[in-house]
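# Analysis of the macromolecular model
Each chain, written out:
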Amino acid sequence: MFLHKSNFLFRAIYPEMTWRIPKSNLGESKVIYLTFDDGPIPEVTEFVLDNLKQFEAKASFFCIGDNIYKHPTIMDKVIAEGHLIGNHTFNHLRGWKTENELYHENFIKCETWINQHQGAIRGQKPKFRPPHGRIKKSQAAQISATHEIIMWDVLTGDFSQNLSPETVLQKSIKYTDSGSIVVFHDSIKANKNMTYALPRYLAHFKEKGYEFRSLA
């Protein structure tokens, strides 16, 4: 069970993290911040890139270090197409179940693999997203010294085997507004729902005059 829309309680517990971009920062612009977790993965990430290009969209990819190691050419393609790269740990660790020292070592290992790829776009301050959104306060305090911790405003649920592709699309559209940070997944598990929902989601909001930016 999960919430498609992050609620006030979560934001109150972790106010130091970024959940959405304030509308006051956007002026009259209508902007959505798409993010993709868990790649890079052959074919899946490439499908995402093709759709982003079609709709002139930029996004932020929170990459697992082990997938960067396994699929360096896909990583380079994400970078070449101008998308932001964020850290998602090397082994997709759950912070609540991991000792702080091991968690930080895994975070640093992912950072090392990102830095091996020349031209990686990191933003004004490098970005980190905790896998599953689960991180201890102590872990967050250490990482936030060097990285902005990005959570989300809208969780599409594309990874859920209990949701139909149409439900993923409808819920994602329903809860998105200007300033939303939205999570899709470029993973094998999410592929069925994501490949249905993403192009339709992009088309819907493009038609309504929204633009898609990375979290620079």
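In short, a report on the structure. Keep in mind the model is a prediction, meaning the values are calculated, not measured.

Another aspect to go through is the layout of surface pockets. Picture a little ball the size of a water molecule; that probe, rolled over the atoms, points out where space is still empty. Reported here for the largest pocket is a volume of approximately 830 Å³. Surrounding the largest pocket, 26 residues form its lining, His132, Gly133, Arg134, Trp152 and Leu155 being those nearest its centre. Those elements that place two or more of their residues in the lining of the largest pocket are helix 1 (8–13) and strand 7 (181–185).

Two numbers describe how helix 7 (residues 165–175) lies on helix 8 (residues 191–207): the axes approach to 8 Å, and their chain directions differ by 35°. When you trace helix 7 past helix 8, the crossing you get is right-handed. Within the contact between the two elements, helix 7 uses Pro165, Glu166, Val168, Leu169, Ser172 and Ile173 and helix 8 uses Lys192, Asn193, Tyr196, Ala197, Arg200, Tyr201, His204 and Phe205. When grouped by side-chain class, the residues that make up the contact of helix 7 with helix 8 number 8 nonpolar, 3 polar and 3 charged.

Turning next to helix 7. For helix 7, the full list of buried residues reads Pro165, Val168, Leu169 and Ser172. Along the axis of helix 7, the buried residues cluster in a sector spanning 95°; they form a single face.

With that settled, the discussion passes to the environment of phenylalanine 55. With respect to the helices and strands, phenylalanine 55 occurs in the loop between helix 2 (44–54) and strand 2 (60–63). Taking C-alpha positions, phenylalanine 55 is 7.4 Å from lysine 206, a pair spaced 151 residues apart along the chain. The residues contacting phenylalanine 55, other than those within four sequence positions of it, are Pro199, Leu202, Ala203 and Lys206.

With that settled, consider the nonpolar core. Grouped together as the largest cluster of nonpolar side chains are 34 residues, with contacts concentrated most on Leu34, Phe36, Leu52, Phe61, Phe184 and Tyr201. Secondary structure elements with two or more residues in this core: strand 1 (31–37), helix 2, strand 2, helix 4 (72–80), helix 5 (100–115), helix 7, strand 7 and helix 8. Among the elements that take part in this core, helix 8 stands out by supplying 6 residues, more than any other. The contact partners of phenylalanine 184, leaving out residues within four places of it in the chain, are Leu34, Thr35, Phe36, Asp37, Thr156, Asp158, Met194, Ala197, Leu198 and Tyr201.

In this section: the packing of aromatic side chains. Throughout the structure, instances matching the rule amount to 9 aromatic pairs. For the ring pair phenylalanine 184 and tyrosine 201, a centre distance of 5.4 Å and an interplane angle of 75° mean the geometry is edge-to-face. With phenylalanine 184 in strand 7 and tyrosine 201 in helix 8, this residue pair connects regions lying 17 residues apart in the sequence. There is no split in this pair, since phenylalanine 184 and tyrosine 201 are both buried. Among the aromatic residues, those joined into a ring-pair cluster are Phe36, Phe61, Phe184, Tyr201, Phe205 and Tyr210. The cationic tip of lysine 109 hangs over the ring face of phenylalanine 90; the distance from NZ or CZ to the ring centre is 4.2 Å. Above the face of the phenylalanine 62 ring, arginine 129 is positioned so that its terminal group lies 4.5 Å from the ring centre.

The rules behind these values
- Residues numbered from 1 in each chain as written.
- Predicted model: local features only at pLDDT ≥ 70, side-chain atom pairs only at ≥ 80, totals over all residues.
- Heavy atoms only, no water.
- 1 Å grid on protein atoms, 1.4 Å probe; cavity = no way out; pocket = protein on both sides within 12 Å on 5 of 7 lines; lining within 4 Å.
- Points joined across faces, edges and corners; volume = space filled by probe spheres on them.
- Helix = DSSP H or I, 4+ residues; strand = E, 2+ residues; numbered from the N terminus.
- Axes fitted to C-alpha atoms, helices over the stretch in contact; angles between N-to-C directions.
- Left-handed = near helix turned anticlockwise from the far one by under 90°.
- Contact = heavy atoms within 4.5 Å.
- Nonpolar A, V, L, I, M, F, W, Y, C, P; charged D, E, K, R; others polar.
- Buried < 20%, exposed > 50% of the residue type's maximum accessible area, 1.4 Å probe, protein only.
- Arc of directions from axis to C-beta.
- Core = buried A, V, L, I, M, F, W, Y, C linked by side-chain atoms within 4.5 Å.
- Phe/Tyr/Trp six-rings, centres within 6.5 Å; stacked < 30°, edge-to-face > 60°.
- Lys NZ or Arg CZ within 6 Å of the ring centre and 35° of its normal.

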